[in-house]
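# Survey of secondary and tertiary structure
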Amino acid sequence: MHEVDQLLHVIFAERRKTGRLDLEAIEMAVRSAMHHAGGTALSELLQFSAPPAEQRRVACGCGHEAHYRELRSKPVVTAVGTVKVLRPYYLCPHCRAGQFPIDVELDIAGTELSPAVRRMQAVVGQQMPFDAGRQQMKLLAGLELTTKSVERTAEAIGEDIAAREQQEIQRAVQLDLPIIIGEPVPILYIEMDGTGVPVVQKETAGRQGKIQGQPAHTREVKLGCVFTQTGWDAEGYAIRDPDSTTYVGAIETAEEFGKRLYVEAWKRGWSRATKKVVLGDGAEWIWNLADQHFPGGIQIVDLFHARQHLWELARRLYPNDEVQQKRWMLVHQNLLDNGKMKKLTVALRSIRTDNPELADRLRLEADYFHRNALRMRYPKFRRQHLFVGSGVIEAGCKTVIASRLKQSGMFWTVRGANAIVALRCCELNGRFENYWEDRRVA
Ligand SMILES: [Zn+2]
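So, how was this worked out
All chains use their own residue numbering, which begins from 1 and follows the written sequence. For a predicted model such as this one, the threshold for reporting local features is a pLDDT of at least 70, and the threshold for listing and counting side-chain atom pairs is 80 or more; totals across whole chains, interfaces and linings nevertheless cover every residue. Here the side-chain values reflect all heavy atoms present in the structure, with hydrogen atoms and water set aside. Helix and strand labels come from DSSP, where a helix needs a run of H or I of at least four residues and a strand needs a run of E of at least two; each type is numbered from the N terminus. Only the C-alpha atoms count toward the radius of gyration. The rule for a globule is 2.2 Å times the residue count to the power 0.38. Under the scheme applied here, a residue whose accessible area is under 20% of the maximum for its type counts as buried, over 50% as exposed, and between as partly exposed, the area being computed with a 1.4 Å probe on protein chains only. We call two residues in contact whenever any of their non-hydrogen atoms come within 4.5 Å of each other. Note on donors: an N, O or S atom is included if it sits within 2.8 Å of the metal, or within 3.2 Å for Na, K and Ca, and water is never included, so sites can look incomplete. For this analysis, a polar contact is any N or O atom pair within 3.5 Å, provided that within protein one partner can donate a hydrogen and the other can accept it, and provided that sequence-adjacent residues contribute only side-chain to side-chain pairs. In short, DSSP must find at least two bridges between two strands for them to pair. The salt bridge criterion pairs a side-chain nitrogen of Lys or Arg with a carboxyl oxygen of Asp or Glu, the two atoms within 4 Å. Pairs were defined over the aromatic rings of Phe, Tyr and Trp, the Trp ring being its six-membered one, requiring ring centres within 6.5 Å. Orientation was assigned from the angle between planes: stacked under 30 degrees, edge-to-face over 60, tilted for the rest. One less than the residue count of a helix, multiplied by 1.5 Å, gives the span that helix is expected to have. Residues belong to one nonpolar core when they are buried, are Ala, Val, Leu, Ile, Met, Phe, Trp, Tyr or Cys, and are joined through side-chain atoms within 4.5 Å. Think of each axis as a best-fit line through the C-alpha atoms, taken over the contacting stretch in the case of a helix, with angles from 0 to 180 degrees between the N-to-C directions. Any angle that falls under 35 degrees is termed roughly parallel, while one over 145 is termed roughly antiparallel, one within 65 to 115 roughly perpendicular, and all others oblique. The classification used treats Ala, Val, Leu, Ile, Met, Phe, Trp, Tyr, Cys and Pro as nonpolar, Asp, Glu, Lys and Arg as charged, and all other residues, Gly among them, as polar.

## As for the overall build of the protein
- Helix and strand counts for the protein come out as 16 helices and ten strands.
- A globule of 442 residues ought to have a C-alpha radius of gyration of about 22 Å, yet the protein, at 29 Å, is considerably larger.
- Every one of the 442 residues in the protein was classed for burial, and the buried ones make up 42%.
- When contacts within the protein are restricted to residue pairs at least 6 apart in sequence, long-range pairs at least 24 apart make up 65% of them.

Right under this line is the structure:
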């Protein structure tokens, strides 16, 4: 603390001379001096000595014993700046593997970043572009790190989270999941959706883009969320329980994603929910997963997507004639909103046209409404005060995925994107603290 005293003396002497005090400059200088003093003190604590003669052997992973060789030093960036760690090094004469048991104890094995610094990097790295994260680290923590360092740490932690989740999923698939005892859940919702994330070229090799004949530039992240509802407002509209939403997501097949979402739903009380609801747009994979993993759930097609289907038809039926479009919509949206699916399907099938493309389209849309008729019983769902729109997952696609992974100039590898999605979901679900704790225990 001597350094800080000295610094303050200089500063206040300056004030007597000039009559001015720049508080921001002073506080930052004091922080820097305190870091420096703290780093010196911490370095002293981290000078380990050679083990006594009778403790110079430790177990090696190969089954033999590693022998103490010497003390070795490495720099480690900590919350108070770079410190030196001096600790015993052991080498196994059998397999030639070296080890630093103290690094394991200090949680700095294989890294020159302290646990506190890595945690900060993970927090900023899931929240914002890596370079913005680097700037935050400098401003908020007084630590100068590279952009690459923020990226590496955030992705490594995200990968670790994803790997643990995968273990959990595998266990859940092989064994019966334990029934989790807890408060009964009145209404549990599951929503899922897909959203494209821009990727580097090699990740789309051989994949078809959205435009025929063009290569894809994105890969689809499948995102799912689980939330609960206890009540509704004065007009009978559903109210989502505050802070009840958790997310899972990844670039992966529908089959893999189905297991992921199933485990999440289970954790959130699927087995003890009085009412279970699966909400999504018309995408086929969504309803396949709903049938396979969430039997007994009430399936609802997002009303706004369904209306969108009608709007597109209206535009094709009456191009450039908004008055006619609106008139047609008035009738047909009314059928949809009132759950008159049979009438709607019949109405669509009875439209005659000489345009073969439009005829095709009409048939497809009629099939869509017919196939999803049970999922469009909106008046019935409304009477039960259920949500009929998948707004929560659509908002999730923006806040969880787009705001972090779809900024201009970003191109991800599948591996990097999945790591950041896993890290971000973990943080948003309020589980990072637990993960960080468990990681040390394991
Ligand atoms: Zn060995």
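## Some remarks on the coordination of the zinc ion
- Surrounding the zinc ion are the protein donor atoms Cys60 (SG), Cys62 (SG), Cys92 (SG) and Cys95 (SG), which sit 2.3 Å from the metal.
- Taking the relative accessible area as the measure of exposure, Cys92 reaches 0% and is therefore buried.
- We classify Cys95 as partly exposed; its relative accessible area is 34%.

## As for the side chain of Glu264
- Tracing the backbone through its elements, the reader meets Glu264 in helix H7 (residues 254-267).
- Polar side-chain contacts of Glu264 include one of 2.9 Å to the side chain of Arg431.
- Once you skip the residues sitting within four places of it in the chain, Glu264 turns out to touch Val226, Thr246, Val248 and Arg431.

## Notes on the side chain of Glu203
- Its location among the elements puts Glu203 in the loop between strand E5 (185-198) and strand E6 (218-232).
- For Glu203, a relative accessible area of 15% gives the class buried.
- At 2.9 Å, the side chain of Glu203 forms a polar contact with the backbone nitrogen of Val414.
- Every residue in contact with Glu203, bar those within four places of it in the chain, is listed here: Arg219, Trp412, Thr413, Val414 and Arg415.

## Notes on the pairing of strand E10 (residues 298-301)
- Both strand E9 (residues 273-280) and E10 contribute to a ladder of four bridges, which runs parallel. Residue pairing across strands places Gly280 opposite Val301, the latter belonging to E10.

## Quick look at the sheet that holds strand E3 (residues 81-91)
- The strand order E1-E2-E3-E4 describes an open sheet built from four strands, whose pairing is antiparallel. Every other strand in the sheet has two partners, leaving strand E1 (57-59) and strand E4 (98-99) as the edge strands with one partner each.

## Quick notes on the pattern of salt bridges
- Taken as a whole and assessed by the stated rule, the structure comprises 25 salt bridges.
- Note that Glu65 is salt-bridged to Arg57, the shortest N-O span being 3.7 Å.
- For Glu65, a relative accessible area of 39% puts it in the partly exposed group.
- In this structure, Arg118 engages Asp107 in a salt bridge whose closest nitrogen and oxygen atoms are separated by 3.0 Å. Here Arg118, found in helix H4 (residues 115-127), pairs with Asp107, found in the loop between helix H3 (101-106) and H4; they are eleven residues apart in sequence, far enough to count as distant. Summarising the burial analysis for this pair, Arg118 and Asp107 share the class buried.

## Considerations on the packing of aromatic side chains
- Counting across every chain of the model gives 15 aromatic pairs.
- Judged by centre distance (5.9 Å) and plane angle (80 degrees), the rings of Phe257 and Trp285 are edge-to-face. Taken together, the positions of Phe257 in helix H7 and Trp285 in helix H8 (residues 284-293) put the pair 28 residues apart, joining distant regions of the chain. Pair check on accessibility: Phe257 and Trp285 agree, each one buried.
- Feature note: the residues Tyr262, Trp266, Trp270 and Phe294 constitute an aromatic cluster, connected by ring pairs.

## Let's talk about the pairing of strand E2 (residues 65-78)
- Bridge analysis of E1 against E2 gives three bridges, and the strand direction is antiparallel. The residue bridging Arg57 from the neighbouring strand is His67, located in E2.
- Following E1, the chain reverses through five residues before pairing antiparallel with E2; Gly63 in that reversal takes a positive phi of roughly 105 degrees.
- Pairing geometry for E2 and E3, over eleven bridges, is antiparallel. Following the sheet pairing, Val77 is matched in E3 by Thr82.

## Description of helix H15 (residues 414-428)
- The end-to-end C-alpha distance of H15 is 21 Å, a good match for the 21 Å that 15 residues give at a rise of 1.5 Å each.
- When you tally the buried positions in H15, you get twelve out of 15 residues, the bulk of the element.
- Of all the positions in H15, only Val414, Gly416, Ala417, Asn418, Ala419, Ile420, Val421, Ala422, Leu423, Arg424, Cys425 and Cys426 are classed as buried.
- Gly430 occupies a position one or two residues after H15 and carries a positive phi of about 70 degrees.

## Regarding the nonpolar core
- One finds Ile190, Met192, Leu336, Phe369, Met376, Tyr378 and Phe432 to be the most contacted residues of the largest nonpolar core, which totals 91 residues.
- The dominant element in this core, judged by the number of residues it contributes, is H15, at eight residues.
- Apart from the residues within four sequence positions on either side, Tyr378 is in contact with Ile300, Val301, Asp302, Leu303, Ala306, Leu336, Asp337 and Val388.

## Considering the packing of helix H6 (residues 147-174) against H7
- Orientation of H6 relative to H7, taken along the N-to-C sense of each, is 85 degrees, at an axis distance of 10 Å. Relative to H7, the element H6 lies roughly perpendicular. Facing H6, whose interface residues are Glu165, Gln166, Glu168, Ile169, Ala172 and Val173, H7 presents Lys259, Arg260, Val263 and Lys267.
- Tallied by class, the residues present in the contact of H6 with H7 amount to four nonpolar, one polar and five charged.

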